[in-house]
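# Reading the structure
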Amino acid sequence: MAIKLNLFVVFLMMWCAYYFTEVYSLVEFSNVQCESLDKDIAVFEHCFLKSVNRSYKYVSIKVKILYPVTKAKVRFGLYKRLNGYKPFLYNMSFDACRFLKSSNPNPVALYFYNFIKDYSNMNHTCPFYQDIELKMPYHSLNNRVTKVLPFPEGNYMFETHWIAYDINRAITKFYINMKDDLN
C-alpha cells in the first residue's frame, strides 16, 4: 500500500511540475491600424479587424502599390503595454528585397515573416508592383507565441514601418492580447 501511495505522490508531483511550467495562453487581435504616409507610392484600400463569430477573428489588409518599388526596407518593433507601449524584445530593421532573396535570412525577421507568409501574397522578391493583401486569422498566432517562442500574458503592439527608397511610406500597427487560458 505504501508503494502505491508513493507512486501516486511521485506521479502527482510530476504532473504538477509539467502543468505549472507550461505556458497556457490565448492570443487575440484587439485592433489593427494602417496609415499611408505617401499616397503617391501606396494607398490602403482597407485595413480592418473582422469578427466572424465569438471564436473567429481575422485581420484583413489590402494596400494598392501605385509605383513599382525596387528598394524596400522594413523596420519593426514589438511593444508591451506598461503605462503606454514600451519596447519589448525586438526593434530592428532589414532590407526586404535582400531578405526575400536570401537562402539564409535573419532568424528574428524570419520568425515574424512566418506569421504572415501563408496568409499574404507577399512571397516574391523586388520589385513590388502588385497590390499586397493579408488575410490572417488570429488562431494562426497561437502556436507561434505559445509554443515556438512563449510570450508572457499582456497587451502587445507589433508596429511595422515600410520604407521605400529610404523614406518612410507606411505604418501598420497590430494590437494583440495574450490572455491566460486557465481563467
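Residue indices follow the written sequence of each chain, beginning from 1 at its first position. Totals for whole chains, interfaces and linings use all residues, but because this is a predicted model, local features are given only for residues with pLDDT of at least 70 and pairs of side-chain atoms are given and counted only at 80 or more. As a convention, hydrogens and water are excluded, and side-chain values are obtained from all of the structure's heavy atoms.

Per an unreviewed UniProt entry, the protein is named MD-2-related lipid-recognition domain-containing protein, and its organism is Drosophila yakuba.

In this section: the pairing of strand 7 (residues 154-164). Throughout this description, buried means an accessible area under 20% of the type-specific maximum (1.4 Å probe, protein chains only), exposed means over 50%, and partly exposed covers the range between. Helix and strand assignments come from DSSP, with helices taken as H or I runs of at least 4 residues and strands as E runs of at least 2, each series counted from the N terminus. Of all eleven residues in strand 7, nine are buried; the element is thus mostly enclosed. Summarising the sheet, strand 4 (residues 72-81) and strand 7 pair through nine bridges and their orientation is antiparallel. Its bridge partner being in strand 7, A72 is matched across the sheet by A164. For two strands to pair, DSSP has to find at least two bridges joining them. One ladder, built from eleven bridges, connects strand 7 with strand 8 (residues 167-180); its direction is antiparallel. Directly across from I163, in strand 8, lies its bridge partner N168. Counted along the chain from strand 7 to the antiparallel partner strand 8, the turn is two residues long, and its residue Y165 has a positive phi close to 55 degrees.

What the three strands build is an open sheet, ordered 2-3-6; its pairing is antiparallel. Looking along the sheet, the strands with just one partner apiece sit at the ends: strand 2 (42-53) and strand 6 (132-137). On average, each strand axis in the sheet is tilted by 10 degrees relative to the strand beside it, whichever way the strands run. Pairing analysis gives six bridges linking strand 3 (residues 56-65) to strand 6, with the strands arranged antiparallel. Of the residues in strand 6, the one forming a bridge with S60 is K135. By the convention used here, residues are in contact when the closest approach between their heavy atoms is within 4.5 Å. Throughout, an axis means a line fitted to C-alpha atoms (over the contacting stretch in the case of helices), and angles, computed between N-to-C directions, take values from 0 to 180 degrees. Contacting strand 3 and strand 6, helix 4 (residues 139-148) runs over the sheet at an angle of about 75 degrees to strand 6.

In terms of nonpolar packing, the biggest core is built from 45 residues, with F29, F115, F151 and F174 touching the most fellow members. No other element matches the six residues that helix 3 (residues 107-116) contributes to this core. Ignoring anything within four residues of it in the chain, the contact list for F174 reads F29, N31, V32, V59, I61, L134, Y156, M157 and F158. We call a set of buried residues a nonpolar core when its members are Ala, Val, Leu, Ile, Met, Phe, Trp, Tyr or Cys and they connect through side-chain atoms within 4.5 Å of each other.

This part is about the state of the cysteines. By convention in this document, the label disulfide applies to cysteine sulfur atom pairs within 2.5 Å. This model, assessed by the stated rule, comprises two disulfides. Put simply, C34 and C47 are joined by a disulfide, and their sulfur atoms are 2.0 Å apart. When the S-S torsion is 65 degrees, as for the bridge of C34 with C47, the disulfide is right-handed. Highlighted residues: C34 in strand 1 (residues 25-36) and C47 in strand 2, separated in sequence by 13 residues. Given a relative accessible area of 23%, C34 falls into the partly exposed group. Looking at C47, the relative accessible area reads 24%, which means it is partly exposed.

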